[in-house]
Structures are given as structure tokens and as C-alpha cells.
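Fold and geometry: a report
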Amino acid sequence: MKLLLDLIIGDPQADRVVPPTGLTARLTIFVAAVMAFLAVIALALSMSAGRVADRWADELAQAATLRLPADTDLLQKALQILETTPGVASAHALTADEQEALLTPWFGTEIPLDSLPIPQLIEVIADDPPYDLAGLQARFDAEIPGAVFDDHGDWRDPLLAAAARVRLIGWLVILLIGACIAAMITLAAQASLAANVQVIRVLRLVGARDVYIARAFVRRFTLRAGAGAIAGVVMGVIVVQILPDGGGFFAEIGFKGAGWIWPVVIPLLAAGVAFFATRAAAMTRLKEQT
Amino acid sequence: MIELDNVSYGYGDTALFSQLSLTLAPGSFQFLTGPSGAGKTTLLRLCYADLQAQRGKVRLFGQDAHGLDRDAVAMSRRRIGVVHQDCQFLDHLSIAENIALPLTVADRASEASENLKELLSWVGLSRQSGQCPPELSGGERQRAALARAVIMSPDVIIADEPTGNVDWEMSQRLLALLVELHRMGKTVLIATHDLAMIRSLKSDVDARVLRLKDGQLTSAGAVL
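Residues numbered from 1 in each chain as written. Chains lettered and ligands numbered in written order. Predicted model: local features only at pLDDT ≥ 70, side-chain atom pairs only at ≥ 80, totals over all residues.

Quick notes on the overall build of chain B
Counting its secondary structure elements, chain B contains eight helices and 10 strands. For chain B, the C-alpha radius of gyration of 17 Å lies close to 17 Å, the compact-globule estimate for 224 residues. Its C-alpha atoms give chain B principal-axis dimensions of roughly 45 × 40 × 30 Å. Relative to its full complement of 224 residues, chain B shows a buried share of 42%. In chain B, of all internal contacts separated by at least 6 residues, the share reaching a separation of at least 24 is 69%. (Helix = DSSP H or I, 4+ residues; strand = E, 2+ residues; numbered from the N terminus. Rg over C-alpha atoms; globule rule 2.2 N^0.38 Å. Buried ≥ 20, exposed ≤ 12 C-beta atoms within 10 Å, placed from the backbone. Contact = placed C-beta atoms within 7 Å.)

This is how it looks when you write it as C-alpha cells:
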């Protein structure tokens, strides 16, 4: 806590021992702002993908479809099996109108669907705990030949895997952005240290310890990275908030609930990365420059 | 305070001096003379651990300089006030801030205000305190360097050609300040090639004069 306080408040006199460097300062702030902006966008997309995937997975995990052959007269039997199966919350046989509504997007309204051999669909909602899928399928195989019980696993699993990858990519992007900030700050700090060789020499001659010299650089770069990141985060949040609401996935993009912690954390992380990157660069440089 | 025991140093294949010994006893006042390039500045830098001896031992306040880490060297330098020929200031700071720099880096900046006013007056720079080093004359810079060297009240003052860039009158003024410090109990070592300056001080201070030439350090009292 004292370290953090020292870092923020600092010692104005000690800060002045290193001459101000306008270009390096502006570049550091700019890089931190851009990286923080990208981090906000990546996080918003990643978290949104996660939310959408979770919602779809939850919805699909509850629902299943039983498909009966078109010419079957075993609808009542199927419903009876379902109603007596533990773990089934409800079973609803789709009406002709409901089935027609499902097919209309593919066949249009002109085709007389009632004359086509359309399979009968039953929407099954699982209870908690859910039914035994293998057991239920086996029972249908035995009692209603041709009935297919579909728990949507065939397309839900790839969807979940894709969403998990999107989330993983999002975090990977955040890590890469952090590494980029560290690399850029290290370069800027090294340039600043190299430009101030004479200053370091004078400081050493009057008895400055390495930690004191490093502190003057570390505080400067940490505050610049933090300030730049705050600006970048603000820009990023504004952009995310004003994205056009195109419905579906786009309607989900943004931060919700506890997710709002991230726009607060990003500047702290950027400052933290800058702190350690500058400290490492400074201590290495000072060790070399004996 | 500071001891050099059979010390050797050279640049590349050229040995500047070898097996050279020097002791800065507490309260002593010594001049180091010799022609340009003899190694006076190198010898001084060994005395405040800015260079490491290639052979032999340098002891700072009883500690082997070779075994000191960088922090320990920094702490030793707080006990040694150094006046450089080229002053070595931070040009972006005012002369007052430069003089207070040793206190600032020692996290004792709060003590600066009381000492600084007195010191600026002592070296005659009260009016110039807000100016930056490039705005000062050579003599003013040398006096400021001397003020910076003594602000921590060090045990030892090492001055490398402190009168090199100033006129006779100013050099006498600077030397008078150094003699005053010696009378306050400080150990003083001054490197200079200006024998006239040494002669002018002989009546004011009991100084030992050393001559560094051809890698040998000899007592030069007789030749003055």
C-alpha cells in the first residue's frame, strides 16, 4: 500500500532529477491508450461470445426433440412414455400449425404442407436432474421403431467448443496486448535510460542508490502507462456502448454485471505491467552501466 | 579514511601506474600534482570507487572497495564530496537543486532548505540560486560544485583541478573555501597541475604534496 501511495504521490523533487522527455512520454501514453482500447474491444467481444454461448447452451441443454415417423399412430404412446419417464419436465406434441410455422422459412406458404408426409415432433423439456438419455433412446427403439430422440448434442457441442475457443482467443489477445505493452514500455524505458546516461552518472557520483535512480524512471513510465490506459479504456467503453444494436450477437456486445470490473482493472494492469517492465529494464541497465 | 595499497591501473595494454600506495589520513590535506595524462584523475576516481583497481586493494572507510556492492558504493560516496573539473551538473535543474542533489538522492531533501541558504551564501551564489548551470560562469559553477560536495558534510573532499577553469582571484577564493573545510576537520585531496596555486597556500595550511609521474607517486615537498 505504501509502495502504491509512494508511486502515485511520489516525491516532486526526486521526480525532477530525470529531465522531461516529451516525445517518449507522448509515445508511451499513446501506446498504452491504443493497447487498452484494443483490450476493451477484445474483452467485450470475448465476454459477449461467452454469454451468448452460455445462454444457447443452457436453453438447448434443457430441450430435446422426439421425432416420430410421419405415418405413425403412436403419438399418444410416445407422450405416455415421456410423461412416465423420470427427469422429463414436460412433453409437448407440436400442432400442425406449429410444425407448419417451422417449415415455412424453407418451403414458403404456397406448398400444401398437410399433404406431405411430415414427421410428428414432440418438444421435450428436461427436469433437474435430467432423464437418462441412453435409456430413453433404448426404450423408444424397442417400443416405437423409427422414433429418433435428438438432444441437440450434435450441433450444441461444436457450438460450445467454438464459443470456448472464441473466449480463449479473447484471453490470448489480452495476454498479447499485455506482452506488447511490456515490450513497448521496455523499449521506451531503455531509450530513456540510454538518453540519460550522464544524468545517471551524476546521480551515482552524488551517492544515489540504483533503486532511487530506477524509481525516478519507474514512476514516470507507470503513471504514463496508467494514464494512457485510462484514456484508451474510456474510448473503448464509449465505442462498445454506441455500437449499433443489430440484434442477435451484436445486441450482446458490451460489459454486463461483474464484467464492468474489467474496464477498471485494465488501467491497473497496464500500470502494473509498466511498473515491472520499467523496473526490470532500469535495474538491468544500471547493472550494466557500472 | 581511504587507502590505496599497491594499486595498479591501466587502459588497454598501457599501464598508467602500478603498485601505487596512498593513504588519506583523517584530517589530512594533500595535493596531487603531475603532468597531464599522468593519471591524477584516474587515481582520484579509484579513491571514490568510480573505478575498480585492476590489482592491489582500495579501502574506503575500512572496507575493501572490491567487495562492495553498488548500494554500498553509493553509501560510501555520501561520505566523500567530489568536485569535478567539469562540475558534472544536471543542466535542467537550478543551481540550488543541483547543490541539494546529494540530500535529495539520500531522501533527506527536507534538510536541504536550512543548509542550502547558508551554503549558497558561503560560496557567494545566493543571487544565482534559481539559475541553471549553463547560465553560470566557470567560477560560479566551480563554487556550486564545491557547495554540492560539502552539503552532506562528508568526511573527505576530493577535488579534481577545482581551479582549472577560473582566474587567479577566483582560484584563491575556491582554495580558501577548501582550507576552511580542512580547518573544520575534513580530509582534503586536491589534484592540480598548478604549482603556483600550491605555493600560495603553503603558509595557510600544512599540506602534503604528492607528485604522480611515470606511474610513480612521490613526495614533492622539496621541489616546490
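Having seen the model, we can carry on.
Brief notes about the overall build of chain A
Scanning chain A from N- to C-terminus turns up 11 helices and four strands. For chain A, whose C-alpha radius of gyration is 31 Å, the value lies well above the compact-globule estimate of 19 Å for 290 residues. Projected onto its principal axes, the C-alpha positions of chain A cover 100 × 40 × 30 Å. Every one of the 290 residues in chain A was classed for burial, and the buried ones make up 30%. Pairs at least 24 apart in sequence give 89% of the contacts found in chain A among residues at least 6 apart.

Observations concerning the environment of arginine 77 of chain B
Looking at where arginine 77 of chain B falls in the secondary structure, it is placed in helix 2 (residues 70-77). On a C-alpha basis, the gap between arginine 77 of chain B and lysine 186 of chain B in space is 15 Å, while along the polypeptide they are 109 residues apart. Not counting residues within four places of it along the chain, the set of residues in contact with arginine 77 of chain B comprises Leu205 and Gly207 of chain A together with Tyr48 of chain B.

With respect to the interface of chain A and chain B
How big an interface is tends to be stated in terms of the accessible area lost upon association of its parts. Each partner contributes to the interface: chain A provides 17 residues, whereas chain B provides 19 residues. Listing elements by their share of the side of chain A that touches chain B, those giving two or more residues are helix 2 (12-15), helix 8 (197-205) and helix 9 (210-241) of chain A. Looking at which element gives the most residues to the side of chain A that touches chain B, the answer is helix 8 of chain A, with five residues. Within the side of chain A that touches chain B, the residues separate by chemical class into 10 nonpolar, three polar and four charged. (Nonpolar A, V, L, I, M, F, W, Y, C, P; charged D, E, K, R; others polar.)

Some remarks on helix 7 (residues 168-183) of chain B
Residue and element names in this part refer to chain B. With 16 residues, helix 7 should reach 22 Å at 1.5 Å per residue; the first-to-last C-alpha distance of 22 Å fits that figure. Those residues of helix 7 that sit buried are Ser171, Leu174, Leu175, Leu177, Leu178 and Leu181. In a view along the axis of helix 7, the buried residues occupy a sector of 150°, so they form one face of it. Pointing more than 90 degrees away from the buried face of helix 7 are the exposed residues Trp168, Glu169, Ala176 and Arg183. (Expected span 1.5 Å × (residues − 1). Arc of directions from axis to C-beta.)

Side note on the environment of threonine 278 of chain A
Residues and elements named next belong to chain A. The residue threonine 278 is located in helix 11 (residues 261-288) in this model. Residues threonine 278 and glycine 135, spaced 143 residues apart in sequence, show a C-alpha to C-alpha distance of 62 Å. With sequence-adjacent residues up to four places away left out, threonine 278 is seen in contact with Ile185, Ala189, Phe217, Val218, Phe221 and Thr222.

Quick notes on unusual backbone geometry
With an omega of 5°, the peptide bond running from aspartate 128 of chain A to proline 129 of chain A counts as cis. Along the chain, the position of proline 129 of chain A falls in the loop between strand 3 (120-126) and helix 6 (133-143). Here asparagine 6 of chain B, not a glycine, exhibits a phi torsion of approximately 50°, which is positive. Note on placement: asparagine 6 of chain B falls in strand 1 (residues 2-11). In this structure asparagine 6 of chain B comes out as exposed when scored by C-beta crowding, with 12 C-beta atoms within 10 Å. Of note, glutamate 161 of chain B is a non-glycine position whose phi angle comes to about 45°, a positive value. Looking at the element boundaries, glutamate 161 of chain B is found in the loop between strand 7 (156-160) and helix 7.

Some points on the domain arrangement of chain A
Taken as a whole, chain A is organised into domain 1 (2-50 + 165-288) and domain 2 (70-146). Put simply, the middle of domain 1 of chain A and the middle of domain 2 of chain A, counted by C-alpha atoms, are 57 Å apart. (Domains from an automatic or database assignment.)

With respect to the pairing of strand 8 (residues 187-191) of chain B
All names here are of chain B. Across the five residues of strand 8, five count as buried, placing the element largely inside the fold. Bridging between strand 3 (residues 29-33) and strand 8 involves four bridges; their strand directions are parallel. The partner of phenylalanine 29 across the bridge, within strand 8, is valine 188. In the sheet, strand 7 pairs with strand 8 via five bridges, with the strands oriented parallel. Each residue of the ladder has a partner; that of isoleucine 158, found in strand 8, is leucine 189. (Pairing = 2+ DSSP bridges.)

Side note on the packing of helix 7 (residues 153-195) of chain A against helix 11 of chain A
All names here are of chain A. Taken N-terminus to C-terminus, the directions of helix 7 and helix 11 make an angle of 40°; their axes are 8 Å apart at the nearest point. As far as their axial angle goes, helix 11 and helix 7 are oblique. Of the two possible hands of crossing, helix 7 and helix 11 adopt the one that is right-handed. Mapping the contact onto sequence places Gly178, Ile181, Ala182, Ile185, Thr186, Ala189, Gln190 and Leu193 in helix 7 and Leu269, Ala270, Val273, Ala274, Ala277, Thr278, Ala281, Ala282 and Arg285 in helix 11. (Axes fitted to C-alpha atoms, helices over the stretch in contact; angles between N-to-C directions. Parallel < 35°, antiparallel > 145°, perpendicular 65-115°, else oblique. Left-handed = near helix turned anticlockwise from the far one by under 90°.)

Some thoughts on the sheet that holds strand 4 (residues 55-60) of chain B
The strands making up a sheet associate through hydrogen bonds between their backbones, and the pairing can be parallel or antiparallel. All names here are of chain B. Ordered in space as 2-1-4-5, the four strands form an open sheet in which the pairing is antiparallel. In this open sheet, the two strands that pair with only one neighbour each are strand 2 (14-24) and strand 5 (63-64). Bridging between strand 1 and strand 2 involves seven bridges; their strand directions are antiparallel. Across the sheet, leucine 4 pairs through a bridge with leucine 22, a residue of strand 2.

Focus on the sheet that holds strand 3 of chain B
Residue and element names in this part refer to chain B. Ordered in space as 6-7-8-3-9-10, the six strands form an open sheet in which the pairing is mixed. At either margin of the open sheet sits one strand with a lone partner, and together these are strand 6 (80-83) and strand 10 (216-219). Mean inter-strand twist for the sheet, computed between neighbouring axes without regard to direction, equals 20°. Two elements, strand 9 (residues 208-213) and strand 10, share four bridges in a ladder whose sense is antiparallel. What sits directly across from leucine 212, in strand 10, is leucine 217. Its contacts with the sheet put helix 7 on strand 3, strand 7 and strand 8, and the angle it makes with strand 8 is roughly 155°.

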